[in-house]
Amino acid sequence: MSSLRQTPLTCSGHTRPVVFLAFSEINSDGVYFSISACKDGKPMLRQGDTGDWIGTFEGHKGAVWGVDINKDATKAATGAADFSAKVWDALSGEEELTLQHKHIVKSVNFSNDSAALATASNDKILRIFDLEQPSEPIVKFEGHTSGIKQVMYTPDNKQLVSCSDDKTVRMWDTATGGEVRSFSVTDQIGGCELSKDGEILTVATGSKVVFLDAHKLEKLKEVNVPCPVYTASLNNEKDIFVCGGEDLKLYKYDYQTGIEIDNFKGHFGPVHCVRFAPDGELYASGSEDGTLRLWQTVVGKTYGLWKCVDTVAVDAVTTKAEAAS
C-alpha cells in the first residue's frame, strides 16, 4: 500500500452527467487523447495525460450517450438522443457525417482501420456504416430484446460484441449480421470493455465485475464489489482492474487474486464510466457530478501534471545533511 495520497485531477467543462469516455492510442509523438460523452450534448476532446481541454464538438441537439475516437485521433464519433450518430474531424472539430437513426443512439465504435462505424441504438438494432458510402447501413444485427448499451469491434473487425438492457452480452458476425453466441447475466449490465488484444471481455453487472473469454463468451472469473457497479476497466497487463458505480468511489483490484487493493473517493455523484489510458499510467472516470477525474495507477510517480513529491523530500534531506557536514 502506498503511503502517498491519491490526488485526482479534475477536468471540468461539462454541465451535466458524464456518461462515457474513450481514449485514442499513443501517437508517434508519445501523445494520446480522450473524448467524453455528456448529457449536455457537447462531447469534449482533451489531451489524455493532463486532461487539458482541446475542443468541443458542437452539433448534437440532445444528450450524447456514446463516443469513440479512432486509433490515431484523427476522427471522433458520437451517438446521441437526437436519433443520430455523427463522425467528426478530430483535428478541426468539423462535422463530417450525420447518420440518422430511428431511435436514441447509445454507443458508437470505429472499426480498426476507421473505415466503418458500428452503432447501437435503443431500437434494439446494431448497425455498421461504411464511412465512404454512409447513406444506409451495410449490415444490421437484430436479436437483442431491449435497448443496447454498448457495441465494440473485435480487433480483427470480424465480430461485434454488444451488451444490452436484456441482460445479455452477444457476439455477432460482421459479414453476415448473424449472432454467433451470447452470455446471460442476472443483473442489469452497466457496461463492458474488450481488452486491446481482444482476449478478455470485462462486464460490470449488478455488484460484481465478470470477466469473460472474449472468443467463447465463457466466464473466466467474477469479483464481488461493495456496491452496484456501472463500469469497469482492465489494464493492458491484465494485473489490475478498476471499477466504479453507485457509491461514488473508484475501486482498484488485483485481477489475479480478486483482492481489493484500494478505493478512492473524489466524485460527488455515481461513477458512470472508467477507462485506463493506453499506457496504463492513469485511469479516467466520468460521473453524474459532471466531471472527469484522472487517477494515477501508481500514486506518487511523476507523470503528466503529477510531480512526484517524494523526490523533493529526499533532495531536501540530502541538502540538509550536506549542510550539516
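Check the entry above for the structure.
This text gives an overview of the structure that appears in the document. Worth saying up front: this structure is predicted, and the values here are computed from it rather than measured.

Details of the overall build of the protein chain
Part 1 of the argument: The helix and strand tally for the protein chain stands at 1 helix and 28 strands.
Part 2 of the argument: Computed over the C-alpha atoms, the radius of gyration of the protein chain is 20 Å, within 12% of the 20 Å expected from 2.2 N^0.38 for a compact globule of 325 residues.
Part 3 of the argument: Across its three principal axes, the protein chain shows a C-alpha extent of roughly 80 × 45 × 35 Å.
Part 4 of the argument: Summarising the internal contacts of the protein chain: among those between residues at least 6 apart in sequence, 40% fall at separations of at least 24.

Structural notes on unusual backbone geometry
Part 1 of the argument: We note that F83 has phi near 65°; this positive angle belongs to a residue other than glycine.
Part 2 of the argument: With respect to the secondary-structure elements, F83 resides in the loop between β7 (75-80) and β8 (84-89).
Part 3 of the argument: Accessibility expressed as a relative area gives 34% for F83, which makes it partly exposed.

A short note on the sheet that holds strand β25 (residues 260-265)
Part 1 of the argument: Taken in spatial order, the 4 strands line up as β22-β23-β24-β25 in an open sheet, and their pairing is antiparallel. Single-partner strands in this sheet number two, and they are β22 (229-234) and β25. Between one strand axis and the next, the sheet turns through 20° on average, direction left out of account.
Part 2 of the argument: Bridge count for strand β23 (residues 240-245) against strand β24 (residues 249-254) is 5 bridges, and the pairing is antiparallel. In the strand pairing of β24, V242 is matched with K252.

With respect to the sheet that holds strand β26 (residues 271-276)
Part 1 of the argument: Strand order in this open sheet of 4 strands is β1-β28-β27-β26, and the pairing throughout is antiparallel. Two strands close off the open sheet at either side, each with one partner strand: β1 (9-11) and β26. The average undirected angle you get between the axes of adjacent strands in this sheet is 20°.
Part 2 of the argument: Bridge count for β26 against strand β27 (residues 282-287) is 5 bridges, and the pairing is antiparallel. Looking at β27, one finds that C273 is bridged to G286.

Points about the environment of A277
Part 1 of the argument: The residue A277 is located in the loop between β26 and β27 in this model.
Part 2 of the argument: Residue A277 is classed as buried on the basis of its relative accessible area of 3%.
Part 3 of the argument: The spatial distance from the C-alpha of A277 to the C-alpha of E25 is 8.5 Å, given a sequence separation of 252 residues.

Here we look at the packing of aromatic side chains
Part 1 of the argument: This structure, assessed with the given rule, holds 9 aromatic pairs.
Part 2 of the argument: Relative to Y255, the ring of F211 lies with its centre 4.8 Å away and its plane at 80°, an arrangement referred to as edge-to-face. Note that F211 is positioned in strand β20 (residues 208-213) and Y255 in the loop between β24 and β25, a separation of 44 residues in sequence. Take F211 and Y255: they sit in the same class, and that class is buried.
Part 3 of the argument: Taken together, a centroid distance of 5.0 Å and an interplanar angle of 5° make the contact between F241 and Y253 stacked.

Here we look at the side chain of T154
Part 1 of the argument: Within the element layout of this structure, T154 appears in the loop between β14 (148-153) and β15 (159-164).
Part 2 of the argument: In this structure T154 comes out as buried when scored by relative accessible area, which is 8%.
Part 3 of the argument: Reaching out from T154, the side chain makes a polar contact with the side chain of D156 at a distance of 2.8 Å.
Part 4 of the argument: When neighbours within four sequence positions are excluded, T154 is seen to be in contact with Q159, V161 and L194.

Details of the state of the cysteines
Part 1 of the argument: One pass over the structure, following the stated rule, counts 0 disulfides.
Part 2 of the argument: No disulfide involves C163; its nearest neighbouring cysteine sulfur is the one of C192, lying 3.0 Å away.
Part 3 of the argument: Judged by its relative accessible area of 0%, C163 falls in the buried class.
Part 4 of the argument: Since its relative accessible area comes to 1%, C192 is described here as buried.

What counts and how
Residues numbered from 1 in each chain as written. Predicted model: local features only at pLDDT ≥ 70, side-chain atom pairs only at ≥ 80, totals over all residues. Heavy atoms only, no water. Helix = DSSP H or I, 4+ residues; strand = E, 2+ residues; numbered from the N terminus. Rg over C-alpha atoms; globule rule 2.2 N^0.38 Å. Contact = heavy atoms within 4.5 Å. Buried < 20%, exposed > 50% of the residue type's maximum accessible area, 1.4 Å probe, protein only. Pairing = 2+ DSSP bridges. Axes fitted to C-alpha atoms, helices over the stretch in contact; angles between N-to-C directions. Phe/Tyr/Trp six-rings, centres within 6.5 Å; stacked < 30°, edge-to-face > 60°. Polar contact = N/O pair within 3.5 Å; in protein donor to acceptor, adjacent residues only side chain to side chain. Disulfide = S-S within 2.5 Å.

By themselves these figures say nothing about function.
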